[in-house]
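This is what each chain is made of:
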Amino acid sequence: MTLVRRATPEDAGELLRLRQVMIDSMSGANTDTGWQSASLATVTARLADPAGGFAAFVVDRPERPGSLAALVVGTVEYRIGRAGNPHGRVGYVFSVATDPDARRRGYARACMEALVEWFREQGVGQIDLTASADAMPLYESLGFVRQPDPFMRLRLGAS
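One numbering rule holds for all chains: residues counted from 1, following each sequence as written. Confidence filtering applies because this is a predicted model: local features only for residues at pLDDT of at least 70, side-chain atom pairs given and counted only at 80 or more, and all residues used for totals across whole chains, interfaces and linings. With hydrogens and water set aside, each side-chain value is computed from the structure's full complement of heavy atoms.

Draft legend 1. Inspection of the side chain of D99 at higher detail. By definition, any uninterrupted DSSP run of H or I lasting at least four residues is a helix, any uninterrupted run of E lasting at least two residues is a strand, and each is numbered from the N terminus. Within the secondary structure, D99 is located in the loop between β4 (89–98) and α3 (107–121). Residue D99 is classed as buried on the basis of its relative accessible area, which comes to 6%. Buried residues are those whose accessible area, probed at 1.4 Å on protein chains only, stays under 20% of the maximum for their type, while exposed residues exceed 50% and partly exposed ones sit between those limits.

Draft legend 2. Examining α3 more closely. By definition here, a helix of n residues has an expected span of 1.5 Å times n minus one. With 15 residues, α3 should reach 21 Å at 1.5 Å per residue; the first-to-last C-alpha distance of 21 Å fits that figure. Residues of α3 that are buried include every one of Y107, A108, C111, M112, L115, V116, W118 and F119, and no others. Down the axis of α3, the smallest arc covering the buried residues is 165 degrees, so these residues share one side. For α3, the exposed residues lying more than 90 degrees away from the buried face are R120 and E121. Where the residues of α3 are buried, they touch β1 (4–6), β2 (54–60), β3 (68–78), β4, β5 (126–129) and α4 (136–141). Once α3 finishes, G123 follows within two positions and takes phi at roughly 75 degrees, a positive value. Starting at the helix axis, one direction is taken to each C-beta atom, and the arc is that of these directions. Contacts were defined at the residue level, with two residues in contact if any of their heavy atoms lie within 4.5 Å.

Draft legend 3. The environment of G52, seen in detail. Mapped onto the secondary structure, G52 falls in the loop between α2 (35–48) and β2. Distance in space between the C-alpha atoms of G52 and V76 is 8.6 Å, their sequence separation being 24 residues.

Draft legend 4. Expanded view of the packing of aromatic side chains. Put simply, two rings from Phe, Tyr or Trp (the six-membered ring, in Trp's case) pair if the centres are within 6.5 Å, and we call them stacked under 30 degrees between planes, edge-to-face over 60, tilted for the rest. One pass over the structure, following the stated rule, counts three aromatic pairs. When the ring of Y139 is compared with that of F144, the centres are 5.9 Å apart and the planes differ by 65 degrees; the resulting orientation is edge-to-face. In this structure, Y139 and F144 share a single accessibility class: buried.

Draft legend 5. Expanded view of the packing of helix α1 (residues 12–24) against α2. Here an axis means a line fitted to C-alpha atoms, over the contact stretch when the element is a helix, while the angle between two N-to-C directions is reported on a 0 to 180 degree scale. Orientation of α1 relative to α2, taken along the N-to-C sense of each, is 125 degrees, at an axis distance of 9 Å. One element, α1, and the other, α2, form an angle in the oblique class. Regarding α1 and α2, the two cross each other, and that crossing is right-handed. Contacts between α1 and α2 involve A12, G13, L15, L16, R17, R19, Q20 and I23 from the former and W35, Q36, S39, L40, V43, T44 and L47 from the latter. Angle categories: roughly parallel below 35 degrees, roughly antiparallel above 145, roughly perpendicular from 65 to 115, and oblique for all the rest. By definition, any crossing whose near helix is turned counterclockwise from its far helix by less than a right angle is left-handed, and any crossing with a clockwise turn is right-handed.

Draft legend 6. Spotlight on the pattern of salt bridges. Should a side-chain nitrogen of Lys or Arg be within 4 Å of a carboxyl oxygen of Asp or Glu, the pair is scored as a salt bridge. Overall, the coordinates contain eleven salt bridges when judged by the stated rule. Of the charged contacts in the structure, one is a salt bridge between D11 and R5, with a shortest N-O distance of 2.7 Å. In this structure D11 comes out as buried when scored by relative accessible area, which is 8%. Across the pair D99 and R61 runs a salt bridge whose closest N-O atoms are separated by 3.5 Å. Placement of D99 in the loop between β4 and α3 and of R61 in the loop between β2 and β3 is noted, with a sequence separation of 38 residues between them. Across this residue pair, the class does not change: D99 and R61 are buried. Shared partners join several salt bridges into a network, and the residues in it are E14, R17, R61, E63, R64, D99 and D101.

See the structure below:
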């Protein structure tokens, strides 16, 4: 029996809850949860579209039906190809989270392995993620390496 399964639209509320667990663990993060009600319909719709380039893999809590212990979410993006990724498909991993009382059981690793396999099936040429110091050993053990990418961001406002 496998622990990991692909998330369904019925998991949307739990995905948002676990995303907040991840957000709350980051130093200086905005811990306001008001965004979740506005996001629920969008996440539900994305989970309902298996061909939409969005996937979440989860582990259920057997002792709490309808509750998740862990999740990993990723998207497939297209960028113009280049050496090493001529088709331009890039996987992006985000929202890797495990409930604090369910950690150190291999759930995040199992979810990551399922997501990496899904990316392979999608023809992704590279996978990117942002890693916390605590998560780096997991990602390094899966073959990820730190990049000297000068990442920048411009916020365009809420939409």
